[in-house]
Amino acid sequence: MAAPLTFLGIESSCDDTAAAVVRHVPGAAAQILSSVVEGQVALHADFGGVVPEIAARAHAERLDHCVEAALVQAGLGLRDLDGIAVTAGPGLIGGVLSGVMLAKGLAAASGLPMVGVNHLAGHALTPRLTDAVEFPYLMLLVSGGHCQFLIAKDVDDFQRLGGTIDDAPGEAFDKTAKLLGLPQPGGPAVQAEAALGDVRRFAFPRPLLDRPGCDMSFSGLKTALLRARDAVVTEKGGLTVQDRRDLCAGFQEAVADVLVEKSRRALEVYLALSPAVPVLAVAGGVAANAVIRAKLMALCDKMGVQFLAPPLALCTDNAAMIAWAGMERFRTGARDDAALVARPRWPLDQTAAPMIGSGKKGAKA
């Protein structure tokens, strides 16, 4: 039987600086002994998005403090660990490099083994951390930086069925909020306004539903909202509160409809593998949207598939998922040394054709 493991995880791929300690005894549920996440929303608030240079400098300043805090929370020292896992990509290269260099220094000083982790694999393997899900399962990663369907077949074996060819849904929510004068992050703000709006007032498109496959596009939907907003402003001389609510409701409904239909198609491909216990797992900040989650749950009920969404703290960027993914890779024999490189792009499915285009945050996908 595999030995118990305790791993330190380090995550710095975008604008969250994170460290965590995770322990797993085979045959028992994994334990998150600590999880520290320091966001950078205030640092980027004046720029309308994440500034890579500012993010990288913040990571360099905060990473050692986050690691120290995670160890203190866990009540452990470096000598009590079995290994160090670090996000080695994909992401904003300055931030990824900061984390990789810290991990190399810690590994060299302590003699602990180090494992580089694909950030997307961290998200994709989270259902195994939280619910011990068996392979294969279908994973929908849906957030501000990425959106894709993956069949998780093994720790290092992922089949991509499709993804966004431009803006990720979370990015589209953020841009919609900005167009309508709502605060950031845009997802919660748009959802709150949409709850009081009329989904039928504006006829927004459902991009790529007229084409086969599981690829998605949200850039055109954002443009359609911009045009609808401008038409109302031209007609009335401005937006009323109800106009804004109706625009948000129509936009949110369109995003939900696209995600549900594409999920249905992805589930058909996945179910053809005849999994013993079919599971659709969803991770990413957009998974917290109540309308999208309810529609996906209804789809799963209809198709006889278990719906699983980890707690929100483990859906968004965190280091516990990195520690777990590193632990899983470690048990397969994976080890890295000082030659580990930081990678701005790192597709999980190495055999799939590259996605066409990317949004402002889309390099992570």
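Along every chain, residues carry numbers that run from 1 in the direction the sequence is written. Per-residue local features are limited, in this predicted model, to residues with pLDDT of at least 70; the limit for side-chain atom pairs, both in listing and counting, is 80 or more; totals at the level of whole chains, interfaces and linings are taken over all residues. Excluded from the side-chain calculation are hydrogens and water; included are all heavy atoms of the structure.

Some words on the overall build of the protein
At step 1: Helix numbering and strand numbering both begin at the N terminus, where a helix is a DSSP run of H or I of at least 4 residues and a strand a DSSP run of E of at least 2. Counting secondary structure elements, the protein contains eleven helices and ten strands.
At step 2: Restricting the calculation to C-alpha atoms gives the radius of gyration, and the globule rule supplies 2.2 Å times the number of residues raised to the power 0.38. Over its C-alpha trace the protein gives a radius of gyration of 21 Å, about what one expects of a compact globule, namely 21 Å for 365 residues.
At step 3: C-alpha atoms of the protein, sized along the principal axes, occupy 70 × 50 × 35 Å.
At step 4: Should any heavy atoms of two residues lie within 4.5 Å, those residues are counted as being in contact. Considering only intrachain contacts with a sequence separation of at least 6, the fraction spanning at least 24 residues in the protein is 73%.
At step 5: Per-residue accessibility takes into account occlusion by the displayed protein chains alone, with areas from the Shrake-Rupley method and a 1.4 Å probe. Carbon and sulfur atoms provide 56% of the accessible area of the protein, an area that totals close to 15100 Å².
At step 6: For the purpose of charge, His is not counted, nor are the chain termini; Lys and Arg are scored as positive and Asp and Glu as negative. By convention, the charge on Lys lies at NZ, on Arg at CZ, on Asp at CG and on Glu at CD. Averaging the positions of the 34 positive and the 38 negative side-chain charges in the protein gives two centres separated by 4 Å.

Comments concerning the side chain of D243
At step 1: Position of D243 among the secondary structure elements: in helix 8 (residues 241-271).
At step 2: Under the scheme applied here, a residue whose accessible area is under 20% of the maximum for its type counts as buried, over 50% as exposed, and between as partly exposed, the area being computed with a 1.4 Å probe on protein chains only. Assessed through its relative accessible area of 1%, D243 is described here as buried.
At step 3: At 2.7 Å, the side chain of D243 forms a polar contact with the side chain of R201. Identification of polar contacts relies on pairs of N or O atoms within 3.5 Å, with a donor-acceptor requirement for protein atoms, meaning one able to donate a hydrogen and the other able to accept it, and with residues adjacent in sequence counted only if both atoms are side-chain atoms.

Observations concerning the packing of aromatic side chains
At step 1: The rule is short: rings of Phe, Tyr and Trp, with Trp giving its six-membered ring, pair when the centres are within 6.5 Å, and they are stacked under 30 degrees, edge-to-face over 60, tilted in between. A full pass over the atoms with the stated rule returns four aromatic pairs.
At step 2: Ring centres of F7 and F330 lie 5.3 Å apart, and the angle between their planes is 65°; on these two criteria the pair is classed as edge-to-face. Of the two residues, F7 sits in strand 1 (residues 5-11) while F330 sits in helix 11 (residues 320-331), which places them 323 residues apart along the sequence.
At step 3: For F330, a relative accessible area of 15% gives the class buried.
At step 4: Plain terms: the ring middles of F202 and F204 are 6.1 Å apart, the flat faces sit at 25° to each other, and that makes the pair stacked. Grouping residues by exposure puts F202 and F204 together as buried.
At step 5: Look at NZ for Lys and CZ for Arg. If either is within 6 Å of the ring centre and within 35 degrees of the ring normal, a charge sits over the ring. Directly above the ring of F330 sits R335, whose terminal nitrogen or CZ lies 3.5 Å from the centroid.

Here's the deal with the environment of V232
At step 1: Structurally, V232 is set in helix 7 (residues 219-236).
At step 2: Note on V232: relative accessible area 5%, which makes it buried.
At step 3: Sequence separation between V232 and R79 is 153 residues; the distance between their C-alpha atoms is 63 Å.
At step 4: Setting aside residues no more than four positions away along its own chain, V232 makes contact with R201, F202, G237, G238, L239 and D243.

Observations concerning helix 6 (residues 186-194)
At step 1: For helix 6, the full list of buried residues reads G186, A189, V190, E193 and A194. Seen from one end, helix 6 has its buried residues packed into an arc of 130°, which puts them on one side.
At step 2: The elements touched by buried residues of helix 6 are helix 5 (169-179) and helix 8. By arc we mean the arc of the directions from the helix axis to the C-beta atoms, nothing more.

Notes on the sheet that holds strand 2 (residues 16-24)
At step 1: Two strands qualify as a pair provided that DSSP identifies no fewer than 2 bridges between them. The strand order across the open sheet formed by five strands is 3-2-1-4-5, and the pairing between neighbours is mixed. Of all strands in the sheet, those bounded by a partner on one side alone are strand 3 (31-39) and strand 5 (114-118). For this sheet, the mean angle separating the axes of adjacent strands, direction not counted, is 20°.
At step 2: Orientation is described by lines fitted to C-alpha atoms, with helices fitted over the stretch in contact, and by angles between N-to-C directions that extend from 0 to 180 degrees. Packed on one face of the sheet, helix 2 (residues 52-74) meets strand 1, strand 2 and strand 3 and runs near 30° to strand 2.

What is shown is where atoms sit, not what they do.
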